[in-house]
Amino acid sequence: MTNFRKLGRHAGHRISMLRTLVSQLVKHERIETTVTKAKEVRRLADNMIQLGKEGSLDSARRAAGFVRGDDVLHKIFTELAYRYKDRDGGYTRLLRTRIRVGDAAPMAYIEFIDRENELRQSNPATPQPPQRVPLDPWDKSRLMKQVAPPKEEKISDSEL
């Protein structure tokens, strides 16, 4: 767990807070927090979904060492892993909501996508363009040659 924002806390408190936020995000599927915390939680939540999709004993132990609660762990490896089995990444969405009254901190919702009662509907996945067959070098060089069209002679009005 390196290269995280400090979030104004020492390391033990920061890790504990992020573990709790990820567990609550998995449990409720939408939480409101500050934008900087939401950006850090997004990284960790996407990592937990990846572990759930792997489904191995090692990934289950790694996820169990991070999230809090057996119900959260069960949800990662059953419901969320099944929901995102065809998605390669980007399991969470961050929506900025308001400025907090007490300290003017920017707040945001972080939520899982492709679920019921979403704040914003997700766009359908764009299909990948079909793979083009690579040309052999001779055909490629022949096609790349710029051939100018033949010049047409201009006929002036005085010659007519």
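Residues numbered from 1 in each chain as written. Predicted model: local features only at pLDDT ≥ 70, side-chain atom pairs only at ≥ 80, totals over all residues. Heavy atoms only, no water.

Regarding the packing of aromatic side chains
If you walk through the whole model with that rule in mind, you get 2 aromatic pairs. Ring centres 5.2 Å apart and planes at 50° place the aromatic pair Tyr 84 and Tyr 91 in the tilted group. Each member of the pair, Tyr 84 together with Tyr 91, is buried. Here the aromatic rings of Tyr 84 and Phe 112 are separated by 6.3 Å at their centres, their planes lie at 45°, and the arrangement is tilted. Within this pair, whereas Tyr 84 is found in the loop between α4 (70-83) and β2 (92-99), its partner Phe 112 is found in strand β3 (residues 106-112), the two being separated by 28 residues in sequence. (Phe/Tyr/Trp six-rings, centres within 6.5 Å; stacked < 30°, edge-to-face > 60°. Buried < 20%, exposed > 50% of the residue type's maximum accessible area, 1.4 Å probe, protein only. Helix = DSSP H or I, 4+ residues; strand = E, 2+ residues; numbered from the N terminus.)

Some details on the sheet that holds β3
Overall, antiparallel pairing links the 3 strands, which are arranged β1-β3-β2 in an open sheet. The outermost strands of the open sheet, each flanked by one partner alone, are β1 (30-34) and β2. Across the sheet, the mean angle from the axis of one strand to that of its neighbour is 25°, orientation sign disregarded. Pairing of β2 with β3, which is carried by 6 bridges, proceeds in the antiparallel orientation. Across the sheet, Thr 92 pairs through a bridge with Phe 112, a residue of β3. Of the strands in this sheet, β1, β2 and β3 are in contact with helix α1 (residues 11-28), which crosses β1 at around 145°. Contacts between helix α2 (residues 35-54) and the sheet are confined to β1, β2 and β3, with β2 contributing the most and set at about 165° to the helix. (Pairing = 2+ DSSP bridges. Axes fitted to C-alpha atoms, helices over the stretch in contact; angles between N-to-C directions. Contact = heavy atoms within 4.5 Å.)

Structural notes on the nonpolar core
In a soluble, globular protein the nonpolar side chains are often hidden away together inside. The biggest cluster of nonpolar side chains holds 31 residues, and the ones touching the most others in it are Met 48, Val 67 and Phe 112. When contributions to this core are tallied by element, the ones reaching two or more residues are α1, α2, α4 and β3. Among the elements that line this core, the one with the most residues is α2, at 8 residues. (Core = buried A, V, L, I, M, F, W, Y, C linked by side-chain atoms within 4.5 Å.)

Considerations on α1
Taking 1.5 Å per residue as the helical rise, α1 with its 18 residues ought to reach 26 Å, and the 26 Å between its terminal C-alpha atoms agrees with that figure. All of the buried residues in α1 are Arg 14, Met 17, Leu 18, Leu 21, Val 22, Ser 23, Leu 25 and Val 26. Buried-residue contacts for α1 involve β1, α2, α4, β2 and β3. Downstream of α1 by a residue or two, Glu 29 has a phi angle that is positive, lying close to 65°. (Expected span 1.5 Å × (residues − 1).)

Thoughts on the packing of α2 against α4
At a minimum axis separation of 8 Å, α2 and α4 run at an interaxial angle of 90°. Taken together, the axes of α2 and α4 are roughly perpendicular relative to one another. Along the contact surface, α2 presents Met 48, Ile 49, Leu 51, Gly 52 and Lys 53, while α4 presents Ile 76, Phe 77, Leu 80 and Ala 81. (Parallel < 35°, antiparallel > 145°, perpendicular 65-115°, else oblique.)

On their own, these measurements won't tell you what the molecule is for.
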